[in-house]
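Read off the chains here:
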Amino acid sequence: MPKPIIIDCDPGHDDAIALLLAFAHPELVNVLAVTIVAGNQTLEKTVNNALKVLSFAGVQCEVAGGYDRPLMRPLEIADAVHGESGLDGPDLPAPTFAASEKHGVQVIIDAIRGSREKVTIVPTGPLTNVAAALIGAPDIKKNIERIVLMGGAAREGNWTPAAEFNILVDPEAASVVFQSGVPITMIGLDVTHEAQVMAAEVDYLLNSGHRVGVMVGELLEFFGEFHETMGFAGMPLHDPLAMATVLDPTIVETRHLPVTIETQGQYTTGRTVVDFYGVTGKEPNVDVALKVDRDRFVQMVIDAVLSYDK
Ligand code: BDR
Ligand code: CA
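Basis of the calculations
Residues numbered from 1 in each chain as written. Chains lettered and ligands numbered in written order. Predicted model: local features only at pLDDT ≥ 70, side-chain atom pairs only at ≥ 80, totals over all residues. Heavy atoms only, no water. Core = buried A, V, L, I, M, F, W, Y, C linked by side-chain atoms within 4.5 Å. Buried < 20%, exposed > 50% of the residue type's maximum accessible area, 1.4 Å probe, protein only. Contact = heavy atoms within 4.5 Å. Donors = N, O, S within 2.8 Å, 3.2 Å for Na, K, Ca; no water. Helix = DSSP H or I, 4+ residues; strand = E, 2+ residues; numbered from the N terminus. 1 Å grid on protein atoms, 1.4 Å probe; cavity = no way out; pocket = protein on both sides within 12 Å on 5 of 7 lines; lining within 4 Å. Points joined across faces, edges and corners; volume = space filled by probe spheres on them. Nonpolar A, V, L, I, M, F, W, Y, C, P; charged D, E, K, R; others polar.

Caption draft 1: Broad picture of the nonpolar core. Within the largest apolar cluster, 72 residues are counted, with the highest numbers of intra-cluster contacts made by Phe23, Val34, Val63, Val216, Leu220 and Phe297. Beyond its immediate chain neighbours, meaning those up to four positions away, Val34 contacts Ile7, Cys9, Leu19, Phe23, Cys61, Glu62, Val63 and Ala64. Counting residues in each nonpolar core, the second largest holds 34 residues, with Ile6, Ile108, Ala131 and Val259 among its members.

Structural data, given as structure tokens:
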């Protein structure tokens, strides 16, 4: 039986690839809805990007826009990484279907309440929509299997020295989610920075003669430009690794540890504070991913992308 999942994302190059990875595996996951949050770009753009990528791949599903800004802060976007459109690189045609009329948070709540099986949520953007759903409808917690999120890090940050982008953009929302009592797997920079796709693999997609393969190659080329300036050898596939973990949890190794979110630090706002030695005395609340099988993961992504119709 495929697992029912909700993908909450802010496409975004790596979010787009995470979507393609999920929809390539209907035997493993049943995507109940794709909900969208502001993050990498404004909400209007991230919604449009989700619709464009899914349309291009021939996928249709409920796509619903949620929050257009964090719970308590102004929105910070990542246009330096994802460009003016939020998905610069390939020239994608206009979408073939429209977003839902419903608010993304309501879509999350209704999908979870209506599911016979417990639902896994896969957030790959700031946690605003997910936190709002948990605050507005706490009853849904009992029907959530797990939240497998891309965000945070036990070690280095990427948007500040201490913080990863998704958590930094809406730390109050992250704090709600991390304290919710729902089981959480944190796919943070500790593993996503080890999950890089290399130039030769991108060239393979670009030369594949496969329309979705070439489109993903073009996404990765653009994504690579920013990462090259940061000294990366390849392009870290952050969001697809969260999705891959849902499809095959053995792709990462985790440790069950206490994690709290810093919301007020002078230099450390948005930090996921991971207590490796139990010094806080807090109960472990998060499975923190610390190792990844890069080769198997990247092959999984390439196979998924090339499984779409040419
Ligand atoms: C995260 O930030 C975004 O720019 C990416 O889409 C990813 O979700 C990595 O820090
Ligand atoms: Ca993202």
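Let's pick the thread back up.
Caption draft 2: Region of interest: the coordination of the calcium ion (ligand 2). Each protein donor to the calcium ion (ligand 2) is listed here as Asp10 (OD), Asp15 (OD), Asp15 (OD), Thr124 (O) and Asp239 (OD); together their distances run 2.2 to 2.5 Å. Written as a sequence motif, the donor arrangement for the calcium ion (ligand 2) is D-x4-D-x108-T-x114-D. Of the two residues, Thr124 sits in the loop between β4 (119-123) and α5 (128-136) while Asp239 sits in helix α11 (residues 238-247), which places them 115 residues apart along the sequence. The two residues Thr124 and Asp239 agree in class, both being buried.

Caption draft 3: Quick look at the layout of surface pockets. Of the voids in this model, the largest pocket is the one considered here, and its volume is about 290 Å³. Along the wall of the largest pocket there are 25 residues; nearest its centre are Asn158, Trp159, Phe165, His227 and His238. Elements that contribute at least two residues to the lining of the largest pocket include exactly α1 (13-23), α3 (79-82), α6 (165-169), α10 (211-229) and α11. Examining the composition of the lining of the largest pocket, we find that 3 residues originate from one element, α10, more than from any other. By residue class, the composition of the lining of the largest pocket is 11 nonpolar, 9 polar and 5 charged.

Caption draft 4: Representation of the side chain of Thr124. Using a relative accessible area of 1% as the deciding quantity, one classes Thr124 as buried. Filtering out sequence-adjacent residues up to four positions away, Thr124 remains in contact with Asp8, Cys9, Asp10, Asp15, Met150, Asn166 and Asp239.

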